[in-house]
Amino acid sequence: MAHCPKCKSKDLRRSRTRTRWERWRKAITDKRPFRCRACQWRGWLPLSAAALEQVAAQRRSATDPPNLRGTLLARSNPRHRLDLHTLDRFDDDEKDN
Ligand SMILES: [Zn+2]
């Protein structure tokens, strides 16, 4: 079981996503928002092995996307790596407004 990176408590609960960015981040990564009940820390932690297997099973059962090769919708560039920390910062700025 994971522990809080701030106070090392194991009293962590899954936390709801709050913004569109968080929901998207949840969909594309294997991390989920957690809240520490001891110190109120909130942040992203990797899912447990069991939870990861559940997610993988759901993804396996999804249908394949249509083949877009040769069409205008074909992806021309290889996937860029996402800088999640930078994107999180934008999300925090949005909440302040
Ligand atoms: Zn804590």
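Only a predicted model underlies this, so the values are computations on that prediction, with no experimental measurement involved. (Residues numbered from 1 in each chain as written. Predicted model: local features only at pLDDT ≥ 70, side-chain atom pairs only at ≥ 80, totals over all residues.)

Quick look at the overall build of the protein
Counting its secondary structure elements, the protein contains three helices and three strands. Residue burial in the protein is summarised as follows: out of 97 residues, 4% are buried. Counted over contacts in the protein with a minimum sequence separation of 6, partners at least 24 positions apart contribute 44%. (Helix = DSSP H or I, 4+ residues; strand = E, 2+ residues; numbered from the N terminus. Buried ≥ 20, exposed ≤ 12 C-beta atoms within 10 Å, placed from the backbone. Contact = placed C-beta atoms within 7 Å.)

Focus: the pairing of strand β3 (residues 42–46)
As defined by bridge partners, strand β2 (residues 31–36) adjoins β3 across five bridges and the pair is classed as antiparallel. Looking at the pairing, P33 lines up with W44 of β3. In sequence, β2 turns back onto β3 through a hairpin of five residues, with Q40 there showing a positive phi of about 70°. (Pairing = 2+ DSSP bridges.)

Some remarks on the sheet that holds β2
The three strands lie next to each other as β1-β2-β3, forming an open sheet whose pairing is antiparallel. Of all strands in the sheet, those bounded by a partner on one side alone are β1 (12–14) and β3. Across this sheet, the average inter-strand angle for adjacent strands is 45°, counted without regard to direction. (Axes fitted to C-alpha atoms, helices over the stretch in contact; angles between N-to-C directions.)

Overview of helix α2 (residues 49–61)
Taking 1.5 Å per residue, 13 residues should reach 18 Å; α2 reaches 19 Å between its end C-alpha atoms and fits that length. Across the 13 residues of α2, zero count as buried, placing the element largely on the outside. (Expected span 1.5 Å × (residues − 1).)

Read these as layout, nothing more, since geometry by itself doesn't imply function.
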